[in-house]
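These are the residues of each chain, in order.
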Protein chains: 2
Amino acid sequence: MLRELDLEQRLDEAAWDGVSEVLKTRLGVLQQEIRARKIPVVILFEGWGASGKGSMISRLISNLDPRGFSVYSIGMPTVEEQRFPWMRRFWQKLPAYGDIAIFDRSWYRGISLPERELSKKEMRGRLDEIQDFERQIIDDGYVLIKFFLHISRKEQKRRFKALAEKKITRWRVLDADWRQNEHYDECLDSFDELLTRTDEFDRSWTPVGATDKRFATCKVFETVIRALEEKLADAPADDSFLGVRNSEDIVLLPAPRLRDVSLDKTLGEDAYRRELKACQKRLSELHNVLYHKKIPLILAFEGWDAAGKGGNIKRITQALDPRGFEVIPIAAPSTLEKNHPHLWRFWNALPKDGHVAVFDRTWYGRVMVEHIEGFCTDEQWGRAYDEINRFERGLAGWGAIVLKFWLHIDRDEQLKRFTERQNTAEKQYKITDEDWRNREKWGDYEQAVDELLMRTNTDYAPWLVVESNDKRYARIKTMRAVIDAIEQRL
Amino acid sequence: MLRELDLEQRLDEAAWDGVSEVLKTRLGVLQQEIRARKIPVVILFEGWGASGKGSMISRLISNLDPRGFSVYSIGMPTVEEQRFPWMRRFWQKLPAYGDIAIFDRSWYRGISLPERELSKKEMRGRLDEIQDFERQIIDDGYVLIKFFLHISRKEQKRRFKALAEKKITRWRVLDADWRQNEHYDECLDSFDELLTRTDEFDRSWTPVGATDKRFATCKVFETVIRALEEKLADAPADDSFLGVRNSEDIVLLPAPRLRDVSLDKTLGEDAYRRELKACQKRLSELHNVLYHKKIPLILAFEGWDAAGKGGNIKRITQALDPRGFEVIPIAAPSTLEKNHPHLWRFWNALPKDGHVAVFDRTWYGRVMVEHIEGFCTDEQWGRAYDEINRFERGLAGWGAIVLKFWLHIDRDEQLKRFTERQNTAEKQYKITDEDWRNREKWGDYEQAVDELLMRTNTDYAPWLVVESNDKRYARIKTMRAVIDAIEQRL
């Protein structure tokens, strides 16, 4: 891809003067249009050292409304950032619908200049995650434009020398830059391979010959303008529903159907007390080990209203060091969250390594309440299972233990608990009109749960259906499962 | 304060068994009540090494609903955090209304264990900031409870030894801990001084003799319960308006009244082009120096609708390296932002050292639109000027250059610009019904602006009224002011 590029292309000053204002004005107008249509745009610049990424970005934004874009310069991840999944810092920088984000280096740095040596398996994992990420944002309506600024070895050397000669720019040329120039051919091979491999699925790379600044600028402007115009010419939103997307490269495990789960399991009070004490003791020890070994633990709780999520979670967190866990209650998304892909807010809530995150309701909201209530389109729903599988695969690849619980009760038990809540002063806050409304849709939810169990039960992020008509039984079963999963890992 | 404490107080097991469940249950109920009343609570634990802060927190939260609280363990600030004002990480952890935050060590660490040696002036500055912070959250309705867990030198030594003897706890005792024990008396003096100095203004410290775990736990529970009960017994919200609060220890500079500002200044097209080029060149150079010297620059833009904030900002940002600035547009606060003190969202938007933050509308919204439209109470409005003065003093103390601009036009000019926007297709998005409504309240706004100029013009964060009937004149005046302020600093 890079070797075929003609690096001698130039644009003379007269030609440039003729077009530059036109291009800048056009881009300014397009910015307003994509803003009005709430189309988000991601533009990234990769390229050789001294290929002119920074000054290119300055020219690109010179006529943009500064309220509508952000520029991010991607250096080494900070020590803090290294305690989270490596893609998190890019998810966090994803622009809201209608905004533009411009990256000076990007997630490709995680492959071409990783913060530590990666095994082949890790490298493949990162490539998968990049592909998952880019596909997901494109599906979500983002315009993704990727530039690689290319210059020859000779040109690069000339530029480094020029920078090194001047006192005020000397600091910009690092040893690593000179090394890149020395090993230019090997670097070129690996850049070329990277671009080719990551262009397959979306054709979003544009290699740009950057020997001549005017030529390169013109090419960048034209590429961005064309991409925005094409997007604006599209139908308002592609909602055509083509069926649920399968996760072809992901192995799914068999899962039960709710109607086949027998709910008559119970546990006596004495046995419960004994078991609870033993489980909490063991969990407390294991939390210490997780902390020490920097293994993150993610517990995802779903279940019928009044199935006992809160009580279950409390029994677990009682055993944990409060400095090492967080409970994240998930309610309806905020406006800012609605203006991002549905998984964005969960990326923002991930635990550090060695910490425990307990999600009280989860990213499965998209395929349950949001689908049933029509808060998302069928198209969005249809790809959510696959997006979730990939999200969880990334978490597991990072090293997290991921466990998902469906707390299951039957309709009679729910009615009993609702009524009790209604009739007990200090429990009334727990029951709302919405709970009663949801109850009316039991059948819809049952179908949704059966489908999500079938489509997202993986060995790296398994579902456990917890029989919860008996609260004591449910709590111990959940804790045992957490303990088993941790012990298995250690 | 600490020396007078009796460290021999104990509670026997029988007495403890009699009260422990009662205390836990009561606290659980109170948590629901403060949640319903949207009262936020901050509880912090300071104390000697091995005084039992961590296990105390575990007991305190054992019966709390984990969805309503967070626990933060405050270590050394990360490298990233050190690039921001030191109080920022605590502002970010401030609980939303109705939530509880528990700190294992806190902002007092910034004084007792600072990340680098502090000059006396810096130390005084930090004490001021702590006082400003605590006063502000208490005024805002937060319950603040501060514990210091106190043990004797002998007891501490005994505990360190016990920890060091066991293999699995050995890592918990650091060299710094042993040093603290060696220099116990000096440490005691400085703790005592710190507590005394920071107890003056709100009496929120509770020193706790922590030799006996049961006694200490009982004391902590009782203190928290009493504080919550007292708060709940208060009238729903103390809205009694006692007049605008003055910033007595802050020197205010004289400021003009809008009606005295002459708006007939203009600048010709040629002179403008020349000046613009020169200013942008100079600003670009200076941005480099700021970046290198790690000096943050904060530009706050306010002004009449259609006064030209956007155009003004664009001329400045065009001169800046896009990797080193951010424009922050301020709209109405989100729900989460409304559930925090009004300055919270601005703390979250501060630039790193060496970066530039341009605020397009600012924290002055509270004393303009929010006051005029009744979105805040008179009481909240009346203390906002003082809170803002202290906020800006903290920024200046951190090392930031802070400049505030009021872009001033007259009513006729605004009408002309509104009409033009209405009649120009690509500018229509810039004009809304709200703009017309605000225009009707010109007199209210003029009064609010005169008052804020009078009450918040300081030498560390000065206001500049920019005559903006002529856009060219306004842009150059603004840029010149920015350049002057930077040059003066360097």
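Residues numbered from 1 in each chain as written. Chains lettered and ligands numbered in written order. Predicted model: local features only at pLDDT ≥ 70, side-chain atom pairs only at ≥ 80, totals over all residues. Heavy atoms only, no water.

Caption draft 1: Region of interest: the pairing of strand β1 (residues 41-47) of chain B. Residue and element names in this part refer to chain B. Burial within β1 is extensive, with seven of its seven residues counted as buried. Burial of the side chains of β1 extends over both faces: Val41, Ile43, Phe45 and Gly47 are buried on one face and Val42, Leu44 and Glu46 on the other. As judged from the five bridges shared by β1 and strand β3 (residues 100-104), these two strands associate in the parallel manner. Residue pairing for β3: leucine 44 is matched across the bridge by phenylalanine 103. (Buried < 20%, exposed > 50% of the residue type's maximum accessible area, 1.4 Å probe, protein only. Helix = DSSP H or I, 4+ residues; strand = E, 2+ residues; numbered from the N terminus. Pairing = 2+ DSSP bridges.)

Caption draft 2: Spotlight on the packing of aromatic side chains. Residues and elements named next belong to chain B. Per the stated rule, a full pass over the model turns up 52 aromatic pairs over all chains. Considering the side-chain rings of tryptophan 48 and phenylalanine 191, the 5.0 Å spacing of their centres and the 90° angle between planes classify their relative orientation as edge-to-face. Taken as a pair, tryptophan 48 in the loop between β1 and α2 (53-61) and phenylalanine 191 in helix α8 (residues 184-199) lie far apart in primary sequence, 143 residues in all. Phenylalanine 191 sits in the buried class, given a relative accessible area of 10%. Relative to phenylalanine 405, the ring of phenylalanine 301 has its centre 5.0 Å away and its plane inclined at 25°; by these criteria the two rings are stacked. Separated by 104 residues along the polypeptide, phenylalanine 301 in strand β6 (residues 297-303) and phenylalanine 405 in strand β9 (residues 401-408) bring together distant segments of the chain. Grouping residues by exposure puts phenylalanine 301 and phenylalanine 405 together as buried. Residue placement shows arginine 126 over the ring face of tryptophan 86; its charged tip is 4.6 Å from the ring centre. (Phe/Tyr/Trp six-rings, centres within 6.5 Å; stacked < 30°, edge-to-face > 60°. Lys NZ or Arg CZ within 6 Å of the ring centre and 35° of its normal.)

Caption draft 3: Representation of the interface of chain B and chain A in the model. With 34 residues of chain B in contact, the opposing surface of chain A contributes 34 residues. Counting each side, the surface lost to burial between chain B and chain A is near 2,800 Å², with a carbon and sulfur contribution of 61%. Along the contact surface separating chain B from chain A lie four salt bridges. Remark: the boundary between chain B and chain A carries eight residue pairs in polar contact (both at pLDDT 80 or more). At the level of elements, α2, β2 (69-73), α10 (269-293), α11 (309-317) and β7 (325-329) of chain B are the ones that each hand at least two residues to the side of chain B that touches chain A. Counted by class, the side of chain B that touches chain A contains 13 nonpolar, 13 polar and eight charged residues. (Contact = heavy atoms within 4.5 Å. Buried area = accessible area lost by both parts, 1.4 Å probe. Salt bridge = Lys/Arg side-chain N within 4 Å of Asp/Glu carboxyl O. Polar contact = N/O pair within 3.5 Å; in protein donor to acceptor, adjacent residues only side chain to side chain. Nonpolar A, V, L, I, M, F, W, Y, C, P; charged D, E, K, R; others polar.)

Caption draft 4: How the structure looks around the packing of helix α2 (residues 53-61) of chain A against helix α9 (residues 213-233) of chain A. All names here are of chain A. At a closest axis distance of 10 Å, the pairing of α2 and α9 adopts a crossing angle of 50°. The angle between α2 and α9 falls in the class oblique. Considering only the axes of α2 and α9, their crossing is right-handed. For the pair formed by α2 and α9, the contact residues are Met56, Arg59 and Leu60 on the first element and Lys213, Ala216, Thr217, Val220, Phe221 and Val224 on the second. The class makeup of the residues in the contact of α2 with α9 is six nonpolar, one polar and two charged. (Axes fitted to C-alpha atoms, helices over the stretch in contact; angles between N-to-C directions. Parallel < 35°, antiparallel > 145°, perpendicular 65-115°, else oblique. Left-handed = near helix turned anticlockwise from the far one by under 90°.)

Caption draft 5: Highlighting the pairing of strand β10 (residues 463-467) of chain B. Residues and elements named next belong to chain B. The element β10 is extensively covered by neighbouring structure, given that four of its five residues are classed as buried. Two strands pair when backbone bridges link them, and β9 and β10 are joined in this way by five bridges, in the parallel orientation. Its bridge partner lying in β10, histidine 408 is registered against glutamate 467.

Caption draft 6: Region of the structure containing the sheet that holds strand β2 (residues 69-73) of chain A. All names here are of chain A. Pairing in this open sheet of five strands is parallel, and the strands run β2-β3-β1-β4-β5 from one edge to the other. At either end of the open sheet lies a strand with only one pairing partner, and these are β2 and β5 (205-209). Taken pair by pair, the neighbouring strands of this sheet meet at an average axis angle of 20°, ignoring direction. Each of β4 (143-150) and β5 touches helix α8 (residues 184-199); the most contacted strand, β4, lies at about 165° to it.

Caption draft 7: Quick peek at unusual backbone geometry. Backbone geometry places lysine 38 of chain A, a non-glycine residue, at a positive phi of 60°. Relative to the elements of secondary structure, lysine 38 of chain A occurs in the loop between α1 (13-36) and β1 (41-47). The backbone of arginine 361 of chain B shows a phi angle near 75°, a positive value even though the residue is not glycine. With respect to the helices and strands, the residue arginine 361 of chain B is situated in the loop between β8 (356-360) and α14 (369-372).

Caption draft 8: Quick look at the nonpolar core. Trp107 of chain A together with Trp107 of chain B are the most contacted members of the largest nonpolar core, which has 279 residues in total. Those residues within four positions of tryptophan 107 of chain B in sequence are excluded, and the remaining contacts are Val42, Leu44, Trp86, Met87, Phe90, Ile130, Phe133, Glu134 and Leu144 of chain B. (Core = buried A, V, L, I, M, F, W, Y, C linked by side-chain atoms within 4.5 Å.)

Caption draft 9: Up close: helix α17 (residues 433-440) of chain B. Residues and elements named next belong to chain B. Burial in α17 covers these residues: Asp435, Asn438 and Arg439. Buried positions in α17, seen along its axis, are confined to an arc of 105° and lie on one side of it. Opposite its buried face, α17 presents the exposed residues Asp433, Arg437 and Glu440, each directed more than 90 degrees away. The secondary structure elements touched by the buried residues of α17 are α16 (411-423) and α18 (442-456). (Arc of directions from axis to C-beta.)

Caption draft 10: Quick peek at the pattern of salt bridges. All names here are of chain A. Per the counting criterion, the structure on display carries 94 salt bridges over all chains. Salt-bridge contacts for arginine 393 lead to aspartate 132; the nearest nitrogen and oxygen are separated by 3.2 Å. Residue arginine 393 is found in helix α15 (residues 378-398), and its partner aspartate 132 is found in helix α5 (residues 120-139); the two are separated by 261 residues along the sequence. As a salt-bridge pair, arginine 159 and glutamate 155 come within 2.8 Å of each other at their nearest N and O atoms. Of the two residues, arginine 159 and glutamate 155 both sit in helix α6 (residues 153-165), four residues apart, roughly one turn of that helix. In terms of burial, arginine 159 and glutamate 155 fall into one category: buried. Taken together, the shared-partner salt bridges connect Asp132, Arg135, Asp139, Arg245, Asp249, Asp386, Arg390 and Arg393 into one network.

Caption draft 11: Layout of the sheet that holds β3 of chain B. All names here are of chain B. Read across the sheet, five strands follow the order β2-β3-β1-β4-β5 without closing on themselves; strand pairing throughout is parallel. A strand with exactly one partner marks an edge of an open sheet, and here the two such strands are β2 and β5 (205-209). Between one strand axis and the next, the sheet turns by 20° as a mean value, whatever way the strands run. Looking at chain direction, β1 and strand β4 (residues 143-150) are connected through seven bridges and run parallel. Pairing of glutamate 46 across the sheet is with phenylalanine 148, part of β4. Contacts between helix α9 (residues 213-233) and the sheet are confined to β1, β4 and β5, with β4 contributing the most and set at about 165° to the helix.

Caption draft 12: Examining the relation of the copies chain B and chain A more closely. Expressed as a screw transformation, the operator carrying chain B onto chain A has a rotation angle of 180° and an axial translation of 0.0 Å, and the superposed copies differ by an RMSD of 0.0 Å. What we have between these two chains is a two-fold relation. When the interface residues of chain B are mapped onto chain A, 100% of them again fall at the interface, so both copies present the same face. (Least-squares fit on C-alpha atoms with pLDDT ≥ 70 in both.)

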